[in-house]
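# Topology and contacts: notes
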Amino acid sequence: MMEEEELEFVEELEAVLQLTPEVQLAIEQVFPSQDPLDRADFNAVEYINTLFPTEQSLANIDEVVNKIRLKIRRLDDNIRTVVRGQTNVGQDGRQVKEITRDIKQLDHAKRHLTTSITTLNHLHMLAGGVDSLEAMTRRRQYGEVANLLQGVMNVLEHFHKYMGIPQIRQLSERVKAAQTELGQQILADFEEAFPSQGTKRPGGPSNVLRDACLVANILDPRIKQEIIKKFIKQHLSEYLVLFQENQDVAWLDKIDRRYAWIKRQLVDYEEKYGRMFPREWCMAERIAVEFCHVTRTELAKIMRTRAKEIEVKLLLFAIQRTTNFEGFLAKRFSGCTLTDGTLKKLESPPPSTNPFLEDEPTPEMEELATEKGDLDQPKKPKAPDNPFHGIVSKCFEPHLYVYIESQDKNLGELIDRFVADFKAQGPPKPNTDEGGAVLPSCADLFVYYKKCMVQCSQLSTGEPMIALTTIFQKYLREYAWKILSGNLPKTTTSSGGLTISSLLKEKEGSEVAKFTLEELCLICSILSTAEYCLATTQQLEEKLKEKVDVSLIERINLTGEMDTFSVISSSIQLLVQDLDAACDPALTAMSKMQWQNVEHVGDQSPYVTSVILHIKQNVPIIRDNLASTRKYFTQFCIKFANSFIPKFITHLFKCKPISMVGAEQVWTQ
């Protein structure tokens, strides 16, 4: 009977206490207990055996059962209390939800009420503001209008979604009408103060106009633009009269007066009107920029009319003064007005970078400055640092052909002077200590090229640079022909030019006409000069490409001019053939020697002594004079060896057989 009750008890416990391991672990952590009844792996049989380990312990079984039943009743009471508590929580939750709903309704009501009050306040402010705005506009109280108008416009933004309401729409239309009236009224006030024709109104700027500008800042941007346009037009009206095309001061030789006039006007503006316009309008800069646009147009017009009167010195003078003025503008103003739509911006060519040599004033500018009594030649500001670069000076670009033609003439005269100086002074003196010297005319030519390139790039980086490149090409070829190839030494007084075949013919015979020491030094000097020209021409091409517009880079190619310096190979060939021809008589003597008659062998044959003598005479001179160009001395040695050795072998085969007596002496020695 006891066993059946125990089994039923165990089954009931297992049916009730079916908890997952996670839940059981959480319970143990929250309610730690040492009671075996609380264990997840509770075993009823073991528990009963623990309570009644022996038969004698069964004597108090009733007491144990009563304790267990009492414990069960307590657990039932606890469970009942918890269940009832949960029932009360549900009721309390419903009550809370009802309270929350009421609070939300009150909150919405408060929000709507606040919005309504705010809207009514805005409406009151808008209605009162519109009335005040109209009244102040009639009285021209622009200072008060500037503050009020912005506030009215801000308040009106809150009523955009209420424009369907007639009263709101009416207020909006009144605000627009007030803005229109203000704009027309302010323009009329400025027209009265600064009429398009005639002089300015006596008394100068007033506080009314200053406040009117503050209002214009709030109105349609076109009002501000119209004010700026009218004021600048009136401010420059005197300039257009003073420097009309038919006036003497309008010509290029008096271009300084134009820039002096605008400088005075800028000072006058700052003194009289500097405080009238808001600082962010940058009126002084706008006046200067519009002056530049007008000046560029007027100068272009007068130069087209009087193009035949433009001389290179006059053109360079005008350009220099203009670029100086553009530099002045860059120092004083930021160029911020060049990017807005109020005034049209000039599209200037892209700036050049990485100059061939450091920029400096050209000879023409220095000479002209001396004539004008001004030795201070400020360098032209680099384009990236000067937003005003080309704003006026671009008008001179169509007339730069005068400058290009002048450079063509100057370079022609320079080449002629080089030729004359060479004839008068003769070849350079032999200098075996420092090596072959580059002809000084070569350095002079490229210095002049550099100055021309720098100056032209300051004037334009477009087509004029291509035209100047063509001039450079022309005179590089002339220098190679007239100074280098034309001065290579000749062995005869024939009028024809020197060729390799003619040299060979001239060298034939028993008497050999060798180059003198001076002639050898001259050939080495011409070779060194040609090498210098070749390397510098390559650099010139690179710098021209850096200076010119990107779209024109492909049109710059000095490869043909580099090829004209092939005089290098001609010079090396002359040196080789001179030494080679000097050795010919010795080789001929060797082949014609009666070797069968030789009975005694000496220390060194005469023909060997002759060859060694010529080599010792020429090679050290050539080596020393080509010390700065060792690769070409190496080429000379290789080419001489390639020419002399086959010739020596050929003459060796021409020798007649040696006698038996002589051969025996050779073997015995």
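In this numbering scheme, every chain counts its residues from 1 along its sequence in written order. Residues qualify for local features only when their pLDDT is at least 70, as the model is predicted, and side-chain atom pairs are given and counted only at 80 or more; totals for whole chains, interfaces and linings, by contrast, use all residues. Water and hydrogen atoms play no part in the side-chain values, which are based on all heavy atoms of the structure.

### A look at the overall build of the protein
Note the following rule: The helix count covers DSSP runs of H or I at least four residues long, the strand count covers runs of E at least two residues long, and both are numbered beginning at the N terminus. Residue burial is assigned from relative accessible area. The probe radius is 1.4 Å, only protein chains are included, and a residue is buried under 20% of its type maximum, exposed over 50%, and partly exposed in between. For this analysis, residues touch if any pair of their heavy atoms sits within 4.5 Å. Residue-level accessible areas treat just the shown protein chains as cover; the underlying method is Shrake-Rupley with a 1.4 Å probe.
In terms of helices and strands, the protein carries 23 helices and zero strands. Here the protein holds 669 residues, and 39% of them are scored as buried. Long-range pairs, those at least 24 residues apart, make up 82% of the contacts in the protein with a sequence separation of at least 6. Accessible surface for the protein amounts to roughly 38,700 Å². Of this, 55% is attributable to carbon and sulfur atoms.

### What about the packing of helix 5 (residues 142–156) against helix 6 (residues 166–193)?
The condition is simple: The axes used here are C-alpha line fits, helices contributing only the stretch in contact, and every angle between their N-to-C directions lies in the interval 0 to 180 degrees. Oblique is the label for any angle not under 35 degrees, not over 145, and not in the 65 to 115 range, which are roughly parallel, roughly antiparallel and roughly perpendicular in turn. Each helix crossing is assigned a hand: it is left-handed if the near helix lies turned anticlockwise from the far helix by less than a right angle, otherwise right-handed if that turn is clockwise.
One way to put it is that helix 5 packs onto helix 6 with a least axis distance of 12 Å and a crossing angle of 150°. The pairing of helix 5 with helix 6 is recorded here as roughly antiparallel in orientation. Seen along the crossing, helix 5 lies across helix 6 with a hand that is left-handed. In this structure, helix 5 uses Tyr-142, Val-145, Leu-149, Val-152, Met-153 and Leu-156 to contact helix 6, whose residues at the interface are Ser-172, Val-175, Gln-179, Leu-182, Gln-185, Ile-186 and Asp-189.

### Re a nonpolar patch on the surface
This is how the line gets drawn: Candidate patch residues must exceed 30% relative accessible area and have no salt bridge, after which like charges are joined if within 9 Å and Val, Leu, Ile, Met, Phe, Trp or Tyr side chains if within 5 Å. Only one rule defines a salt bridge in this text: a Lys or Arg side-chain nitrogen within 4 Å of an Asp or Glu carboxyl oxygen.
A cluster of nonpolar residues, Ile-645, Ile-649 and Phe-653, forms a patch on the protein surface that exposes about 340 Å² of accessible area. Examined against the element boundaries, Ile-645 turns out to sit in helix 22 (residues 630–654). Here Ile-645 falls in the partly exposed class, since its relative accessible area comes to 46%.

### Points about the packing of helix 6 against helix 7 (residues 207–216)
Which entries qualify depends on this criterion: Each residue is assigned to one class: nonpolar for Ala, Val, Leu, Ile, Met, Phe, Trp, Tyr, Cys and Pro, charged for Asp, Glu, Lys and Arg, and polar for all the others, Gly among them.
The contact between helix 6 and helix 7 brings their axes to 10 Å, and the two run at 145°. As helix 6 packs across helix 7, the resulting crossing turns out to be left-handed. For the pair helix 6 and helix 7, contact is made by Leu-182, Ile-186, Asp-189, Phe-190 and Ala-193 and by Leu-209, Ala-212, Cys-213, Val-215 and Ala-216, respectively. Here the contact of helix 6 with helix 7 is built from residues that sort into nine nonpolar, no polar and one charged.

### Section: helix 10 (residues 255–273)
Since there are 3.6 residues in each turn of an α-helix, residues three or four apart along the chain are aligned in direction. Going by this rule: Here a helix's expected span is defined as the number of its residues, less one, multiplied by 1.5 Å.
Relative to the 27 Å expected for 19 residues at 1.5 Å per residue, helix 10 spans 27 Å between its end C-alpha atoms, a close match to the ideal helical length. Buried within helix 10 are the following residues: Ile-255, Arg-258, Tyr-259, Trp-261, Ile-262, Gln-265, Leu-266, Asp-268, Tyr-269 and Tyr-273. Elements that come into contact with the buried residues of helix 10 comprise helix 8 (221–235), helix 9 (237–242), helix 11 (283–305) and helix 12 (312–332).

### Here's the deal with unusual backbone geometry
The phi dihedral of Cys-282 falls on the positive side, at around 55°, and the residue is not glycine. For Cys-282, the location among the structural elements is in the loop between helix 10 and helix 11. In this structure Cys-282 comes out as partly exposed when scored by relative accessible area, which is 23%.

### Overview of the nonpolar core
Within soluble globular proteins, side chains that are nonpolar generally end up buried alongside one another. Where we set the bar: Each nonpolar core is a collection of buried residues, namely Ala, Val, Leu, Ile, Met, Phe, Trp, Tyr and Cys, held together in the definition by side-chain atoms within 4.5 Å.
Residues Phe-190, Phe-277, Phe-396 and Tyr-479 are the most contacted members of the largest nonpolar core, which totals 143 residues. Per-element tally for this core: the top contributor is helix 11, with twelve residues. With five residues, the next largest nonpolar core counts Val-130, Val-152, Leu-171 and Val-175 among its residues.

### Examining the packing of aromatic side chains
Here is the rule we go by: Two rings from Phe, Tyr or Trp (for Trp, the six-membered ring) form a pair when their centres are within 6.5 Å of each other. A pair whose planes differ by under 30 degrees is stacked, one over 60 is edge-to-face, and the rest are tilted. Geometrically, a lysine NZ or arginine CZ counts as sitting over a ring once it is within 6 Å of the ring centre and also within 35 degrees of the ring normal.
Summed over all chains, the structure comprises 22 aromatic pairs. Note on Tyr-239 and Phe-243: the rings are 5.1 Å apart at their centroids and 40° apart in plane angle, and the pair reads as tilted. The buried category is assigned to Phe-243, whose relative accessible area is 6%. Three or more aromatic residues joined by ring pairs form one cluster here, namely Phe-190, Phe-194, Phe-231, Tyr-269, Tyr-273, Phe-277 and Trp-281. Sitting over the ring of Phe-328, Lys-263 keeps its end group 4.7 Å from the ring centre.

### Quick word on the side chain of Thr-469
Within the secondary structure, Thr-469 is located in helix 16 (residues 463–484). Every residue in contact with Thr-469, bar those within four places of it in the chain, is listed here: Leu-544, Ile-556 and Leu-558.

### Some details on the confidence of the model for the protein
Convention followed: By definition, pLDDT measures how confident the predictor is in each residue, and it falls between 0 and 100.
Put simply, the protein has an average pLDDT of 75, and 74% of its residues get 70 or more. Confidence scores differ between elements of the protein, with helix 13 (residues 363–372) showing the lowest mean pLDDT of 39 and helix 11 the highest of 93. Taken as a whole, residues 341–384 scores under 50 in pLDDT and shows 83 contacts with residues more than four places along the chain or in a different chain. Confidence over residues 492–511 falls short of pLDDT 50; this stretch has 23 contacts with residues more than four positions distant or in other chains.

### Digging into the environment of Leu-329
Summarising the element assignment, Leu-329 is placed in helix 12. Its relative accessible area of 0% is what places Leu-329 among the buried residues. Along the sequence, Leu-329 and Lys-263 sit 66 residues apart, while their C-alpha atoms lie 10.0 Å from each other. Ignoring sequence-local partners within four residues, the contact set of Leu-329 consists of Ala-288, Cys-292 and Phe-388.

### Some details on the environment of Asn-618
With respect to the helices and strands, Asn-618 occurs in helix 21 (residues 606–625). Once the C-alpha coordinates of Asn-618 and Leu-517 are considered, the two residues, 101 residues apart in sequence, prove to be 8.5 Å apart. If we ignore the near neighbours within four places in the chain, the residues touching Asn-618 are Lys-514, Leu-520, Asp-578 and Leu-579.

### With respect to the environment of Lys-301
You can see Lys-301 is positioned in helix 11. Judged by its relative accessible area of 33%, Lys-301 is partly exposed. A C-alpha to C-alpha distance of 9.2 Å links Lys-301 and Cys-395, two positions 94 residues apart in sequence.

### Some details on the pattern of salt bridges
A complete count under the given rule lists 18 salt bridges for this structure. Of the charged contacts, one joins Arg-222 and Asp-220 as a salt bridge, the two residues approaching to 2.8 Å between their closest N and O atoms. By relative accessible area, Asp-220 is classed as partly exposed at 34%. We note a salt bridge from Asp-256 to Arg-321, for which the minimum N-O separation is 3.2 Å. Taken together, the residues span a long stretch of sequence, with Asp-256 in helix 10 and Arg-321 in helix 12 at a distance of 65 residues. You can call Arg-321 buried: its relative accessible area is 11%. One salt-bridge network, in which partners are shared between bridges, spans Glu-191, Glu-226 and Lys-230.

### Regarding the side chain of Glu-541
Position of Glu-541 among the secondary structure elements: in helix 18 (residues 517–547). For Glu-541, a relative accessible area of 12% corresponds to the buried category. Contact partners of Glu-541, with chain neighbours within four places excluded, come to Ile-556, Asn-557, Leu-558 and Met-562.

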